[in-house]
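Coordinate inspection notes
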Amino acid sequence: MKSKIIRGSFILLIGFGLFNFLNFLYQSVMARFLSVKDYGILAALGAIIYIFTIFSESIQTVIAKYTVSNNGDDGRIKNLINKSIQKSRKFATLSFVIYLIISIILSVVLSIPYSLLALNGLLLYLVFLLPVTRGAMQGLKQFTALSTSLVIESISKLILGTIFVFLGLKVYGAIGGFLLGALFAFGISFIPLRKVFKSNEKPFNAVNIYSYAKPTIFVTAIIVFFSSIDVLVAQILFNPETAGAYAIASILGKIVMWVSVPIGKAMFPLSAEAQEHPLRNKKIFRTALTIIGLLIVGVVGFFILFSDKAVYVFSGKLIPQTIAILPYLAIAFGFVALANVILLYKLSLGRTNGYYWLIIYNFIEIILFFVVPRTVISFTFVFVLSSVMLFIGSIFVMNQEKPKQKSP
C-alpha cells in the first residue's frame, strides 16, 4: 500500500508539474502577443474564474472520497458520476446566470466589455463538470489518466489560444482557446472510465456527501481568494497600463505557488496515512516544508538578480514597474505557499477546529489594499505584509481536532 501511494504521488507530481509548466507557457505567449492593457484584462478574467476553482477542488475531493469508499462496485460509481454530473450542470447553469447579472456591474468597475465577461463565464460549466470525472479517476487510483487529462487540457489551451490570438481575436481568442481546451479535456476524460460506464448502474447512497468536505472547501476558499484578489483590486484601482504591469508581475510571482501545489498534494495522502505514526508524520511534513522553502529561496533569489530578464523573456517587453515589484511579489506568494502546505498538513490530520478564523486574513488583505496610498509599490508591500500575517495565522489556527459529537 505504501509503495502504491508513493508511486501515485510521484505520478501526480510529474502530471501537475507539466500542467503548471504548460499553463505558465500559455501565460507567457499571451503576454507576448497581447498588449499590456489586454493582458491585464485577461489576468482579471482568469482571477474571476480562479475563484470558482474553490468548487472545483471540493467537488473533486468529495467524488474521490466516495469513489474510494465504493471501489470495486462500478455500478455504484457509475451512479455517483451520473448524479454528480447532473447536479454540477444545474449548479453551473445557476452560477452562470448569477455571474451574467453580476457582470453588468463588473463590466463597469473593471472596465471590461460585457461580451468578454459573458464568454469567460462559459468556463463555469467546465469548472463544475471536469472535477467529477477527475475525482472518479483519482478515487480509482488512475493517477496516470488523471495526469494525462491535466496535460491534454493545458496543451489544447496553449495551441488553440495561440492560434486564435495570432489570428487577431486578442483576449476573445485567449479565452476561446481556454474554453475549447477544457471542453476537449472533459470529453476525453470519459475514456479511462469506460469500464465503469459499461457496468449496470446501481443506486448510490449519498448520505453526508455534501457536508464531508466543509473545512476543506473553506480553507481552499481562503487560499484561492487570498492569492487572486490582488489582480482584481489592481484592475479597479490603477489605470489599464499599470494594472497590466502588476498582473504580469503577479503571474510570474505565482510560480512559487504553482511549483508548491503538487508537493502539497503528494504530502496530503502520505501524511494522512501516517496519522497514527507521529514521528513519521512530522518527517513527511518537514520534508515538504523544506522543499517548498528551498524553492521559495531559489525563485526569490533568481528574481532579485534577474527580474529584468525574467520579465523580458516572459512578456517580450521591458516593463519598469513589473521589474521593480517582481521580487516582492515572489516573497508574498512564497508565504502564501507556506501557509497552504501548513493548512493542508493540519487537514490531513483532521485538525479542523477553528478553521473559520482564517477569513479574518482575507478581510485584512482587502481593507489594506483600499486604505494604503494608491501606488503600485505600496500596493505590493501591502500584499507582502498580508501574506506574512496569513502565514503566521496558519501556524496558530487548527491545532486541535474538532470535537466529535457523542452518539445519543
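The text that follows walks through the structure, step by step, so that each part is easy to find.

What the rule picks out here adds up to 21 aromatic pairs. Look at phenylalanine 55 and phenylalanine 128: their rings are 5.5 Å apart centre to centre, the planes differ by 25 degrees, and that puts the pair in the stacked class. Of this pair, phenylalanine 55 sits in helix α2 (residues 36-69) while phenylalanine 128 sits in helix α5 (residues 123-139), and the two are 73 residues apart along the sequence. The exposure class of phenylalanine 55 is partly exposed, given its relative accessible area of 38%. Ring geometry for phenylalanine 335 against phenylalanine 391: centres 5.5 Å apart, planes inclined by 50 degrees, an arrangement best described as tilted. Taken together, the residues phenylalanine 335 in helix α12 (residues 320-348) and phenylalanine 391 in helix α14 (residues 376-396) connect sequence positions 56 residues apart. Here phenylalanine 335 falls in the partly exposed class, since its relative accessible area comes to 24%. Among the aromatic residues, ring-to-ring pairing joins Phe226, Phe238, Tyr246, Phe333, Phe369, Phe379 and Phe383 into one connected group. Note that lysine 157 overlies the ring of phenylalanine 178, its terminal NZ or CZ placed 4.1 Å from the centroid.

So, on to the environment of phenylalanine 303. One can find phenylalanine 303 in helix α11 (residues 278-315). Setting aside residues no more than four positions away along its own chain, phenylalanine 303 makes contact with Leu252, Ile255, Ala310, Leu326, Pro327 and Ala330.

Looking now at the packing of helix α8 (residues 214-237) against helix α13 (residues 359-371). In the contact formed by α8 and α13, the axes pass within 9 Å of each other and the chain directions differ by 5 degrees. If you check the angle between α8 and α13, you find them roughly parallel. On the side of α8, the interface is formed by Phe218, Ile222, Phe225, Phe226, Ile229, Asp230, Val233 and Leu237, while α13 contributes Ile359, Tyr361, Asn362, Glu365, Ile366, Phe369 and Phe370. Of the residues assigned to the contact of α8 with α13, the class counts are twelve nonpolar, one polar and two charged.

Take the pattern of salt bridges next. Working definition: two side chains of opposite charge can pair if their charged atoms are close together. In total, this model carries four salt bridges according to the counting rule given. The shortest N-O distance in the salt bridge between aspartate 73 and arginine 76 comes to 3.0 Å. Classification of aspartate 73 by relative accessible area gives buried; the value is 19%. The class of arginine 76 is partly exposed, set by a relative accessible area of 31%. The partner of arginine 134 in a salt bridge is glutamate 153, and the shortest N-O contact between them spans 2.8 Å. In this pair, arginine 134 sits in helix α5 while glutamate 153 sits in helix α6 (residues 143-188), placing the two residues 19 residues apart along the sequence. Salt bridges here are not isolated pairs; linked through shared partners, they connect Asp73, Arg76 and Lys202.

Parameters at a glance
- Residues numbered from 1 in each chain as written.
- Predicted model: local features only at pLDDT ≥ 70, side-chain atom pairs only at ≥ 80, totals over all residues.
- Heavy atoms only, no water.
- Phe/Tyr/Trp six-rings, centres within 6.5 Å; stacked < 30°, edge-to-face > 60°.
- Helix = DSSP H or I, 4+ residues; strand = E, 2+ residues; numbered from the N terminus.
- Buried < 20%, exposed > 50% of the residue type's maximum accessible area, 1.4 Å probe, protein only.
- Lys NZ or Arg CZ within 6 Å of the ring centre and 35° of its normal.
- Contact = heavy atoms within 4.5 Å.
- Axes fitted to C-alpha atoms, helices over the stretch in contact; angles between N-to-C directions.
- Parallel < 35°, antiparallel > 145°, perpendicular 65-115°, else oblique.
- Nonpolar A, V, L, I, M, F, W, Y, C, P; charged D, E, K, R; others polar.
- Salt bridge = Lys/Arg side-chain N within 4 Å of Asp/Glu carboxyl O.

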